Amino acid sequence: MTSTHYFQLLAKCQEFAPEFAGGLSLHLPMALTALHKMGAHEARMTEFYAQQSIKLAHCRPSEQIIEHHQRRDFLGQTQYYASYRDFFLEQIRRQGYATCLRQFLPQLLPGIASAAFHALIRLAYALEIPTQEMSDAESAEACMKQEIAAALASFASQFQTLGHACSTSSASALAPMQIRRLLEQLLAPPFQTWSCESDFISARIATVAALPAFESVSTWLATDEQTLQYLSNCAAHIYLQENNFTVLHMLTASHAMRLVLPYVSDQSLALRRFWQAYAAAFIASGVQQLPQADTAIGKLPDWQDIFNVAIASENEHVIKLVYSCCEEYQAYRLPVYWQVAAKVCS
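To start, this report covers the structure provided alongside it. (Residues numbered from 1 in each chain as written. Predicted model: local features only at pLDDT ≥ 70, side-chain atom pairs only at ≥ 80, totals over all residues. Heavy atoms only, no water.)

Digging into helix 5 (residues 97–108)
Part 1 of the argument: When we look at burial in helix 5, the residues that qualify are Cys100, Leu101, Phe104, Leu105 and Leu108. Taken around the axis of helix 5, the buried residues stretch over an arc of 120 degrees, which confines them to a single face. (Buried < 20%, exposed > 50% of the residue type's maximum accessible area, 1.4 Å probe, protein only. Helix = DSSP H or I, 4+ residues; strand = E, 2+ residues; numbered from the N terminus. Arc of directions from axis to C-beta.)

Overview of the pattern of salt bridges
Part 1 of the argument: This structure, assessed with the given rule, holds 7 salt bridges.
Part 2 of the argument: Across the pair Arg122 and Glu147 runs a salt bridge whose closest N-O atoms are separated by 2.8 Å. Here Glu147 lies in helix 7 (residues 137–157) and Arg122 lies in helix 6 (residues 118–127), a separation of 25 residues in the sequence.
Part 3 of the argument: The exposure class of Arg122 is buried, given its relative accessible area of 4%. (Salt bridge = Lys/Arg side-chain N within 4 Å of Asp/Glu carboxyl O.)

Looking at the packing of aromatic side chains
Part 1 of the argument: Within the structure shown, the criterion is met by 18 aromatic pairs.
Part 2 of the argument: Measuring from ring centre to ring centre gives 6.3 Å for Trp275 and Tyr278, while their planes differ by 35 degrees; the resulting arrangement is tilted. Placement of both Trp275 and Tyr278 in helix 12 (residues 267–285) is noted, with a separation of 3 residues, approximately one turn of the helix. Of the two residues, Trp275 and Tyr278, neither departs from the other in class, the shared state being buried.
Part 3 of the argument: Pairing Trp303 with Tyr329 gives two aromatic rings, centres 5.8 Å apart and planes at 40 degrees, and the pair type is tilted. Here Trp303, found in helix 13 (residues 303–312), pairs with Tyr329, found in helix 14 (residues 316–332); they are 26 residues apart in sequence, far enough to count as distant.
Part 4 of the argument: Exposure remark for Trp303: the relative accessible area of 12% places this residue in the buried category.
Part 5 of the argument: With a relative accessible area of 13%, Tyr329 lands in the buried category.
Part 6 of the argument: An aromatic cluster is built from Tyr84, Phe87, Phe88 and Phe104, whose rings are joined through pairwise contacts.
Part 7 of the argument: When the ring centre of Tyr332 is taken as origin, the NZ or CZ atom of Arg258, which lies over that ring, is 5.8 Å away. (Phe/Tyr/Trp six-rings, centres within 6.5 Å; stacked < 30°, edge-to-face > 60°. Lys NZ or Arg CZ within 6 Å of the ring centre and 35° of its normal.)

Some words on the packing of helix 9 (residues 201–209) against helix 12
Part 1 of the argument: For the pair helix 9 and helix 12, interaxial distance at closest approach is 8 Å and the crossing angle is 105 degrees. Taken together, helix 9 and helix 12 sit at an angle that is classed as roughly perpendicular. Seen from helix 9, the contacting residues are Arg204, Ile205 and Val208; seen from helix 12, they are Ala280, Ala281, Ile283 and Ala284. (Axes fitted to C-alpha atoms, helices over the stretch in contact; angles between N-to-C directions. Parallel < 35°, antiparallel > 145°, perpendicular 65-115°, else oblique. Contact = heavy atoms within 4.5 Å.)

Structural notes on the side chain of Gln70
Part 1 of the argument: Mapped onto the elements, Gln70 comes out in the loop between helix 3 (42–53) and helix 4 (81–95).
Part 2 of the argument: In this structure, Gln70 is in contact with Gln64, Ile65 and Tyr84, ignoring residues within four places of it in sequence.

Notes on the side chain of Arg44
Part 1 of the argument: As for its placement among the helices and strands, Arg44 is situated in helix 3.
Part 2 of the argument: One polar contact links the side chain of Arg44 to the main-chain carbonyl oxygen of Ile311, over a distance of 2.6 Å.
Part 3 of the argument: With residues near it in sequence (within four places) discarded, Arg44 still touches Gln51, Ile311, Ala312, Ser313 and Glu314. (Polar contact = N/O pair within 3.5 Å; in protein donor to acceptor, adjacent residues only side chain to side chain.)

Quick look at helix 1 (residues 3–12)
For an α-helix, 3.6 residues make a turn, and residues three or four places apart therefore share a direction.
Part 1 of the argument: Every buried residue of helix 1 is listed here: Ser3, His5, Tyr6, Phe7, Leu9 and Leu10.
Part 2 of the argument: In this structure, the buried side of helix 1 is in contact with helix 2 (28–38), helix 3 and helix 7.

Observations regarding the packing of helix 1 against helix 2
Any two packed helices are characterised by the angle at which their axes cross and by the distance between the axes.
Part 1 of the argument: For the pair helix 1 and helix 2, interaxial distance at closest approach is 10 Å and the crossing angle is 170 degrees. Of the possible angle classes, the one that applies to helix 1 and helix 2 is roughly antiparallel. Touching Ser3, Tyr6, Leu9 and Leu10 of helix 1 are Pro29, Leu32, Thr33 and His36, all from helix 2.
Part 2 of the argument: Here the contact of helix 1 with helix 2 is composed, by residue class, of 5 nonpolar, 3 polar and no charged. (Nonpolar A, V, L, I, M, F, W, Y, C, P; charged D, E, K, R; others polar.)

Comments concerning the environment of Tyr337
Part 1 of the argument: Looking at where Tyr337 falls in the secondary structure, it is placed in helix 15 (residues 335–344).
Part 2 of the argument: Since its relative accessible area comes to 0%, Tyr337 is described here as buried.
Part 3 of the argument: Once the C-alpha coordinates of Tyr337 and Pro176 are considered, the two residues, 161 residues apart in sequence, prove to be 19 Å apart.
Part 4 of the argument: In this structure Tyr337 touches Gln229, Ser232, Asn233, Ala236, Leu251, Trp303, Cys325, Glu328, Tyr329 and Tyr332, once residues within four positions along its chain are discounted.

Here we look at the nonpolar core
Part 1 of the argument: In this structure, Phe117, Leu120, Leu183, Leu186, Phe214, Phe274 and Trp275 are the most contacted members of the largest nonpolar core, which totals 132 residues.
Part 2 of the argument: For this core, the leading source of residues is helix 12, giving 12 residues.
Part 3 of the argument: Apart from the residues lying within four places of it in its own chain, the contact partners of Phe214 are Phe191, Val208, Ala209, Gln276, Ala279, Ala280 and Ile283. (Core = buried A, V, L, I, M, F, W, Y, C linked by side-chain atoms within 4.5 Å.)

As for the environment of Met45
Part 1 of the argument: With respect to the helices and strands, the residue Met45 is situated in helix 3.
Part 2 of the argument: Sequence spacing of Met45 and Tyr6 is 39 residues, and the spatial spacing of their C-alpha atoms is 7.5 Å.

Shown next as structure tokens:
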């Protein structure tokens with residue numbers, strides 16, 4: 001498909017609110033980017049946009065103009081989404097998106113699990129928008145900036161903190177390669193003594209984060225350059241076994257965090273906050289046991305064959321998961337991502 005058509009559809013996504021139908025999250029802009037990256041044709045992109053957009057909620061007008069000194073005043077108030085979007089877009093226009101991210105992400109990352117990681121994921125996909133593919137680079141970059149502003153506005157208006165995250169690991173913190181031992185601890189009491197009537201991932205994460213025992217979890221993991229790889233890899237193995245919807249978000253969020261992390265100055269603290277959210281999501285998933293052994297690897301279909309199935313799918317989660325798995329496979333060269341992508345498209 002032509003990049004021009006992709007950017008036209010992506011720009012139209014600015015019309016929609018980040019939530020619809022009482023709490024479901026907007027996936028359309030991310031799915032469009034995944035489809036484009038996987039080689040979807042114009043007709044399929046148009047068809048998918050029409051199928052998805054009909055169910056979405058339109059964005060309400062800005063409640064008010066948010067000034068710089070007011071940027072924290074309306075956190076977690078969804079009615080201020082458009083106001084925050086306008087605020088961040090103006091900041092991006094003034095100082096560039098990279099500087100803007102470095103300035104505001106430290107304030108927003110305490111809400112890294114907001115809307116079940118969807119603000120983080122939307123930001124990562126915005127950074128993936130291929131502005132170099134379009135002949136009108138100025139229009140393409142404007143579209144990318146709009147998506148970045150929308151993602152930051154989702155962070156702010158849907159802000160959900162998980163509590164304090166210590167700036168340093170505890171003396172007994174385990175290295176990332178031992179992530180399995182940490183997850184095993186989360187499968188035992190007191191982390192399994194909770195209940196939540198809501199089916200929404202964000203509500204279940206908030207319930208888990210409120211457990212007194214959860215307060216120290218952010219200190220359990222030592223962070224280094226391999227942290228994200230081990231977290232992502234572990235989520236992929238669990239998903240391959242469990243096909244769990246919350247674990248799916250842990251995997252796609254790990255991919256997103258890898259793309260966003262270069263724009264954060266204190267990467268150690270950012271990784272600790274991500275681990276905190278990852279751990280809460282793992283508990284909230286209801287998974288009862290970890291994979292005992294790697295799944296045998298048979299003959300896997302070519303990536304393009306997997307892409308073709310994902311492109312034809314009407315499920316936005318399948319589209320995004322396949323794209324994330326391909327990107328994580330390219331980054332780490334671990335076959336589990338190929339296995340997950342093949343499984344969801346089988």
